[in-house]
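# Summary of structural features
Residues per chain are reported as follows:
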Amino acid sequence: MDDLVTFFSFSDPNIRYVVFGSILLAASSAIVGCFTLLKKKALVGDAVAHSVLPGVCAAFLFTGTKNISFLICGAFFTGWMSLLLIDYIVAHSKIKKDTAIGLVLSVFFGAGIVLLTFIQQSGNSSQSGLDSFIFGKAAALVGTDLVTFGVIAIILLVIVSVFFKELTLVAFDENFAKSLGFPVKSLDMLLTTLTVLAVVTGITAVGVVLMAAMLITPGAAARYWTDNIRKMVIIAAIFGALSGILGAYISYVAPSMPTGPWMVVTSSFIAVISFFCAPKKGIFAKWVRNNVNKTTMRDENTLKAFYHLGERDEDFELPRSMATLADKQRIGEKQLKKSLISLCSKGLIKETEEKWILTKTGVQDAARIIKLHRLWELYLTNYMHIAPDHVHDDAETIEHIITPEIENELEHLLGYPSDDPHKQKIPRL
Amino acid sequence: MKEDIVDPVLEIHDLTVSYSRKPVLWDIDFSLPKGCIAGIIGPNGAGKSTLIKTIMGVIPSSSGYIKIFDQTLNAVRSRVSYVPQRESVDWDFPASVLDVVLMGRYGKLGLFKNTNKQDKRIALECLEKVGLQDYTKRQISQLSGGQQQRVFLARALAQEADLYLMDEPFAGVDAATEKAIIEILREMANKNKTIIVVHHDLQSVVNYFDWVILINMRLVASGPTQKVFNNKLIQEAYGGKLTLLTEIGNILEERQIPPREK
């Protein structure tokens, strides 16, 4: 608890640095990642992230110091090289893109690990801490390093906002952008450079192995909440920042914990929540919608049962017992009971002495469903030439979804008919 | 069979286009008059889409030249509009109908500038022309195929161009939309705009187009519909596959030989 207070009061300047740095890098990579995601280049991001490791190690070997600017230059160089190599392989061999990405990723990362092991065994004392580039260490985000990363992150944000219109256009319709005379190749290079830069800002805190997740996950999660690209980018930035803070906090509380994996775990957690809970697109929303559909269908079917009994007895307002209604339907007693209660609460039926009776509006509603059912049957026989004994099952579903507009059109098309294909009366309302 | 035009809107001179050294269009050569609706007709794999993509500079040519309004494409880009095939984009993209139509204004805006009220007004007008005024805020994945095609048409209209190149605007479109689209195209042609349409339904050619360009890897015919759209030439474009042309193309690809010596 003390840790929580100390951490979130930000009184310790080191914590301030770490938090500020994590937010900045996570948000900026999330924003760039949105475009990488929309251009369907998520895997490319992963390849770049892994490919910066040999660059970092080579830069250390050449300079012999852990000066962050040199390491960034090295990372940037090999990151870019990996992308050029992927494009070259795809253009000049029979190897397909996914294979090329897989090849380049593993070869570069393998080379990076070899270099790292070599450095660690060379006995050079200044190398300690270099291995934190693999999984990241937020605590390393201090002082001048932070300034360097902060500057890169801000450059990223500025470039994305300046080129927002162009990046969106190229992501949506590249050929159209070309036809307008936009420099599509340069814009592609720009996005690639931004991706590499975003990866580079993250290597200290998140590490090379998991940096791709920080690029892609927030954007993928944000996509669930909105259909507007501006909002998507903002939400992704917020999600990224949130996982940045949480990752930094956890690695503060448990100093032996690497930051990268925790950032990724929290951002994945956000993505999972989005996947389940987002309005409209989330699993729960779909589930709720499904259930609503099911209950509406169930209740409408019960109404139909009343109507059919009414047709038989030529009186729609006779009280019916549960047993009679159950005879007319394929649902269990429990469901029927629920259905009756729900219809009662809507004022379509009422209860008298353990029996149920349609109200005036209930009769109207029931008649409408029967009407839609029979109209659809007639449409299928007349317009699609389906045999009259084959149309019932179709109509059983369609009767629940026909809108008033389609209803009007159907009636108009069929010439306001009085009978369905089975010579049953189509109710007039 | 080729009818040449004095002062053409579009002049294509000896154009060859290849994919990885394999020519898909051989020595295409024709010109087009102003204010016509022209159909590019040919079987699958004839290179219809390739032809208009090359005209728009989306794919490079290997030889020959293209002149639009007697100038190069770059000089007249703002007067030319391109409608890609509907399937060429991912309609699940996070954009609304209005967002997409506004993209038609980007060419006039150029880099770094954002759309203003005037652009928005024009975009809304174009949406009204195609009958989508009630759908401006709709996410584009929630549209039917016909509506998506009309969004593309509205985006092209927003470009306020003089020459339009459309790749299969009638593909996957219901009869009502097809009729609405052709009416809009006629109206545009009456205003002296020129429209080139990639089309593969032979039934409707006579009704839709006043100019026909028949191709099958090479130009078979180009001229007024009543002159060139006859059984003999259709037969030549659809039936007479020049197998030698394909074979030579395969060798060029295999041995990576450029179609011109220099």
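Bear in mind the structure is a predicted one, so any value in this text is a computation, not a measurement.

Reading the values: rules and limits
- Residues numbered from 1 in each chain as written.
- Chains lettered and ligands numbered in written order.
- Predicted model: local features only at pLDDT ≥ 70, side-chain atom pairs only at ≥ 80, totals over all residues.
- Heavy atoms only, no water.
- pLDDT = per-residue confidence, 0-100.
- Helix = DSSP H or I, 4+ residues; strand = E, 2+ residues; numbered from the N terminus.
- Pairing = 2+ DSSP bridges.
- Axes fitted to C-alpha atoms, helices over the stretch in contact; angles between N-to-C directions.
- Contact = heavy atoms within 4.5 Å.
- Left-handed = near helix turned anticlockwise from the far one by under 90°.
- Nonpolar A, V, L, I, M, F, W, Y, C, P; charged D, E, K, R; others polar.
- Parallel < 35°, antiparallel > 145°, perpendicular 65-115°, else oblique.
- Expected span 1.5 Å × (residues − 1).
- Buried < 20%, exposed > 50% of the residue type's maximum accessible area, 1.4 Å probe, protein only.
- Arc of directions from axis to C-beta.
- Domains from an automatic or database assignment.

## Observations concerning the confidence of the model for chain A
The pLDDT averaged across chain A works out to 87; a share of 98% of its residues lies at or above 70. Per-element confidence in chain A is highest for helix α8 (residues 164-172) of chain A, whose mean pLDDT is 94, and lowest for helix α1 (residues 2-9) of chain A, whose mean pLDDT is 74.

## Some points on the sheet that holds strand β6 (residues 163-167) of chain B
Residues and elements named next belong to chain B. Pairing in this open sheet of 6 strands is mixed, and the strands run β5-β6-β7-β3-β8-β9 from one edge to the other. Only two strands of the sheet have a single neighbouring strand rather than two, namely β5 (80-83) and β9 (219-224). Ignoring which end each strand starts from, the neighbouring axes of this sheet average 15° apart. Of the pairings in the sheet, the one linking strand β8 (residues 211-215) to β9 comprises 5 bridges and is antiparallel in character. When the bridges of β9 are listed, W211 appears paired with P224. Its contacts with the sheet place helix α6 (residues 145-157) against β5 and β6, and it is angled at close to 170° to β5.

## A word on the packing of helix α4 (residues 68-92) of chain A against helix α5 (residues 97-121) of chain A
Residues and elements named next belong to chain A. Following both chains from N to C, one finds α4 and α5 inclined at 145°, their axes separated by 9 Å at the closest point. In terms of crossing hand, the pair formed by α4 and α5 is right-handed. Residues T78, M81, S82, L85, I86, D87, I89 and V90 of α4 pack against K97, A100, I101, V104 and F108 of α5. The residue inventory of the contact of α4 with α5, partitioned by class, reads 9 nonpolar, 2 polar and 2 charged.

## Some remarks on the packing of helix α7 (residues 143-162) of chain A against helix α10 (residues 184-202) of chain A
Residue and element names in this part refer to chain A. Relative to each other, α7 and α10 sit at 150°, their axes nearing to 10 Å. Regarding the angle of α7 to α10, the classification is roughly antiparallel. The two elements α7 and α10 cross, and the hand of that crossing is left-handed. Here F149, I152, A153, L156, I159 and V160 of α7 come into contact with α10, specifically with L190, L194, L197, A198, V200 and T201. Its residues assigned to classes, the contact of α7 with α10 shows 11 nonpolar, 1 polar and no charged.

## Notes on helix α16 (residues 333-345) of chain A
Residues that lie three or four places apart on an α-helix share one face, since the helix turns once every 3.6 residues. Residues and elements named next belong to chain A. With 13 residues, α16 ought to run about 18 Å at 1.5 Å a step, and its terminal C-alpha atoms sit 18 Å apart, in line with that. Taken together, the buried positions of α16 are occupied by L336, S339, L340, S342 and L343. Down the axis, α16 shows its buried residues gathered within 165° of arc, on one side only. Turned more than 90 degrees away from the buried face of α16 sit K334 and S345, all of them exposed.

## Digging into the domain arrangement of chain A
Split by domain assignment, chain A resolves into domain 1 (2-278), domain 2 (285-358) and domain 3 (363-414). Between domain 1 of chain A and domain 3 of chain A, the C-alpha centre-to-centre distance is 56 Å.

## Quick notes on the environment of R79(B)
With respect to the helices and strands, the residue R79(B) is situated in the loop between α2 (73-76) and β5. Between the alpha carbons of R79(B) and V197(B) there is a distance of 17 Å; along the sequence they are 118 residues apart.

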